[in-house]
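# Overview (structure and organization)
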Amino acid sequence: MNRLLLSFLVLNILIPTLNSQVQLLTVAEKSDYKSTADYQDVISFIEQLKKSSPYIRVESIARSVEGRTVPLLIIGKPMPMSPSDLVNDNRIVIYIQANIHAGEVEGKEATLMFARDLLKEKDPALLKNVVLLICPLLNPDGNEKITPANRPYQNGPVNGVGVRHNGQFLDLNRDAMKAETPEVRGVITNVFNRWDPSVLMDCHTTNGSYHVEPVTFTWMANPNGDRSLIDYMRDKMMPEMQRTLYNKYKIENCFYGEFSDMLVPEKGWYLDASEPRYMTNYFGLRNRLGILNENYVYADYKSRVMGCYYLIHSLMDYASANKAEIKDMIRRADIRTISRGMNQSILDSFAIEYIVKPAPQPVTVKTFEADLITDANGRRRYQKSDRQKTVTIPYFIDFCPTKSVKFPFAYILKVNDPLITDLFKIHGIKAEKLVLPLKAEVERFEISELKGASRLNQGHYTNTIEGRFIKDTLDFPAGTIVIRSAQPLANVAAYLLEPQSNDGMVIWNFLDRYLVPQWGMGYYPYPAYRMMNRVDMSTSPLW
């Protein structure tokens, strides 16, 4: 009996010890970097993480079109059970998402590896300063289409990757403003609005220029975001992360871009995605810090995964060391935005047209010379040579307004359409309705031309619009919707409502039914009016 008891005690001590020594491996690691995880692999890995540590729990971001739950890992010590637990907490909230394009898979593997390695520490020092949110698989429906036929030019994994689009055949990284997909709606409502992270990193794989560095990254760039936050990332945060990634973690890296001319790389390195339909730029409009990670498509799969893994380390190192500075800058940006809406000056303007200029500092890229060849089908294309060349060149990433309109005190909508109001609610924009009728001086937009594109773009025949603002005094009945500019998300509201915005409701057809031409009288009035002067209004919250 004593011998049986002794055996029982030994087993109960030994088995957990042995289990703790069994390394939990990602699919990439188990396959020697020949494969990537499918949906069930990811969910099983997360379940093992939950069993291994009390410092992780899981929420749901969304349910995909095909019915899969999009997981959100919450890692913290102590564990916040809700965002209200962080109201007086000194830690900074960081959000990392991967696999928004399911053919671009190294972020998925790297985030799972990072979570595992962080949680296996007995007392993770990082968690004294950071609450980490991770979505390793934002596009689960695209991920389940894994085959070697997808992205065949990509250097691994040889057993295949998923597809770019989600279950609606839409690109999630073009959906941040129109928010038509359940996955993006979930990120906005259940991550951005709910947890309000200070920093976002969105993990991708490049499709472009030839270079040596396996990891590239950059920052939010839309000029309608807070300029001080953009400059902080450009001048301090991103250069320091770049140095950490190279000096501490020994990973070659450069800022993300494309050559304007692959035959003459000295002409410059460009970022050409400035609209807030892209998730990192949208995050910048919200007065938060957005990082775009693009891992080099022609580097081998393992180098891409490990490069992304150490980029996450570099971000965590920086955020942990500078949490107070980042949180204070964001707080002040929100205050400035609210104050601007209450006391507009002529300098408080919204850019409707802009150009790109070089950043103050050039960038160095270890590139390869390209040759222009004619392939077997008679098509002209670039081909990478083996002639390596290092260039230090202008980095065109500073987007500067060339045409702007002044921010209004408020927008007044003469339509109450759930298609429109639901979009405001998803983004977290505060909306009100008039309790009493109002007579006010406003600017109305008189449309002279409205054209739909000839080809579909993300399921839309996107619009271009021309016209002019005219001052008028109008009556608005009780129940009319009011969107004030004195709110933290005023930049997002303006981007949606300004008629000449390059990524708003006009572009994406939300207002088409209200903009049809009147018989012999031109177009119906644009339904959002700009109230330029401060007016006392009797209103109540719309939600």
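See the structure shown above.
Residues numbered from 1 in each chain as written. Predicted model: local features only at pLDDT ≥ 70, side-chain atom pairs only at ≥ 80, totals over all residues. Heavy atoms only, no water.

## Considerations on the overall build of the chain
Rule in force here: Under the DSSP-based scheme used, a helix requires at least four consecutive residues in state H or I and a strand at least two consecutive residues in state E, with every element numbered from the N terminus. Note on classification: 1.4 Å probe, protein chains only; a residue is buried when its accessible area is under 20% of the maximum for its type, exposed when over 50%, partly exposed between these limits. Where accessible areas are quoted, they stem from the Shrake-Rupley method and a 1.4 Å probe; at the residue level, only the protein chains shown are allowed to cover. In this tally, Lys and Arg are treated as positive and Asp and Glu as negative; His is ignored, and so are the chain termini. Lysine's charge is taken at NZ, arginine's at CZ, aspartate's at CG and glutamate's at CD.
Each helix and strand in the chain was counted, giving 12 helices and 23 strands. Oriented by its inertia axes, the alpha-carbon framework of the chain measures out at about 95 × 70 × 40 Å. Burial status across the chain gives 56% buried among its 543 residues. Only carbon and sulfur atoms are counted for the fraction: they give 53% of the accessible area of the chain, which is about 23300 Å². One way to put it: in the chain the 64 positive side-chain charges average out to a point 3 Å from where the 61 negative ones average out.

## So, helix 12 (residues 490–497)
Of all eight residues in helix 12, eight are buried, a share of seventy percent or more. Among the residues of helix 12, A490, N491, V492, A493, A494, Y495, L496 and L497 are the ones counted as buried.

## A closer look at the sheet that holds strand 10 (residues 289–295)
Definition in use: Only strands joined by at least two bridges in the DSSP assignment are considered to pair. Orientation is described by lines fitted to C-alpha atoms, with helices fitted over the stretch in contact, and by angles between N-to-C directions that extend from 0 to 180 degrees.
Pairing is mixed in the open sheet, where eight strands are placed in the order 1-2-4-3-5-10-6-7. Where the open sheet ends on each side, the last strands, each with one partner, are strand 1 (56–63) and strand 7 (253–255). Here the average twist between neighbouring strands, direction ignored, is 20 degrees. Pairing between strand 5 (residues 199–205) and strand 10: seven bridges, direction parallel. The residue of strand 10 that forms the bridge with M201 is I291.

## Quick word on the packing of helix 4 (residues 106–119) against helix 9 (residues 301–321)
A pair of packed helices is captured by two measures, namely the crossing angle of their axes and the spacing between those axes. Under the convention used in this document: Here roughly perpendicular refers to angles of 65 to 115 degrees, roughly parallel to angles under 35, roughly antiparallel to angles over 145, and oblique to all remaining angles. For a crossing to be left-handed, the near helix must be turned anticlockwise from the far one by less than a right angle; the clockwise case is right-handed. Only heavy atoms matter for contacts: two residues are in contact if any of them lie within 4.5 Å across the pair.
Viewed as axis vectors pointing N to C, helix 4 and helix 9 meet at an angle of 50 degrees, and their least axial separation amounts to 8 Å. Compared by their axis directions, helix 4 and helix 9 come out oblique. The element helix 4 and its partner helix 9 pack so that their crossing is right-handed. Listed contacts from helix 9 to E106, G107, E109, A110, T111, M113, F114 and D117 of helix 4 are Y301, R304, V305, M306, C308, Y309, I312, H313 and M316.

## Observations concerning the pattern of salt bridges
This is how it is decided: For salt bridges, the criterion is a side-chain nitrogen of Lys or Arg within 4 Å of an Asp or Glu carboxyl oxygen.
Summed over the entire model, instances satisfying the criterion amount to 49 salt bridges. Residues R387 and E369 are paired through a salt bridge, measuring 2.7 Å at the closest nitrogen-oxygen approach. Taken together, the residues R387 in strand 13 (residues 380–393) and E369 in strand 12 (residues 363–374) connect sequence positions 18 residues apart. With a relative accessible area of 35%, R387 lands in the partly exposed category. Here E369 falls in the partly exposed class, since its relative accessible area comes to 31%. In this structure, a network of salt bridges that share partners links the residues E104, R151, R164, D171 and R174.

## Some details on the packing of helix 11 (residues 418–427) against helix 12
Stated formally: Residues were grouped as follows: Ala, Val, Leu, Ile, Met, Phe, Trp, Tyr, Cys and Pro as nonpolar; Asp, Glu, Lys and Arg as charged; and all remaining residues, including Gly, as polar.
Orientation of helix 11 relative to helix 12, taken along the N-to-C sense of each, is 155 degrees, at an axis distance of 11 Å. One element, helix 11, and the other, helix 12, form an angle in the roughly antiparallel class. For the pair helix 11 and helix 12, the crossing hand works out as right-handed. Of the residues in helix 12, those in contact with L423, F424 and H427 of helix 11 are V492, L496 and L497. Taken together, the residues of the contact of helix 11 with helix 12 sort by class into five nonpolar, one polar and no charged.

## A few points about a nonpolar patch on the surface
Just so we agree on the cut-off: Put simply, a patch holds well-exposed residues, over 30% relative accessible area, that have no salt bridge, with like charges counted together within 9 Å and Val, Leu, Ile, Met, Phe, Trp or Tyr side chains within 5 Å.
A surface patch of nonpolar side chains, about 300 Å² in accessible area, is lined by L263, V264, L372 and Y382. Topologically, L263 is positioned in the loop between strand 8 (258–259) and strand 9 (269–270). The partly exposed category is assigned to L263, whose relative accessible area is 40%.

## Points about the sheet that holds strand 8
On the basis of which strands lie adjacent, the open sheet formed by four strands has the order 8-9-14-11 and mixed pairing. Of all the strands in the sheet, just strand 8 and strand 11 (349–358) have a single pairing partner and so form its edges. In this structure, strand 11 lies alongside strand 14 (residues 395–406), joined through nine bridges in antiparallel fashion. From the neighbouring strand, E353 faces strand 14, where its bridge partner is K403.

## Considering the pairing of strand 13
Side-chain direction in a regular strand flips from residue to residue, so the side chains alternate between the two faces of the sheet. In the sheet, strand 12 pairs with strand 13 via 11 bridges, with the strands oriented antiparallel. Directly across from T367, in strand 13, lies its bridge partner K389. The turn joining strand 12 and strand 13, which pair antiparallel and follow one another in sequence, is formed by five residues; a positive phi near 80 degrees is taken by G378.

## Comments concerning the side chain of E443
By the element assignment, E443 lies in strand 17 (residues 438–452). A relative accessible area of 16% places E443 in the buried class. When residues no more than four places from it in sequence are discounted, the contact partners of E443 are F469, I470, K471, Y529, R530 and M532.

## Here's the deal with the environment of T218
Our working definition: Nitrogen and oxygen atoms within 3.5 Å of one another constitute a polar contact, given that in protein one can donate a hydrogen and the other can accept it, and given that sequence-neighbouring residues count only through two side-chain atoms.
If you trace the backbone, T218 turns up in strand 6 (residues 215–219). Of the residues examined, T218 reaches a relative accessible area of 1% and is grouped as buried. Between the C-alpha atoms of T218 and L292, which are 74 residues apart in sequence, the distance is 5.3 Å. Not counting the four nearest positions on each side in its chain, T218 is found in contact with M238, Y256, L271, G290, I291, L292, Y395 and I397. Of the polar contacts made by the side chain of T218, one reaches the side chain of Y395; its length is 2.8 Å.

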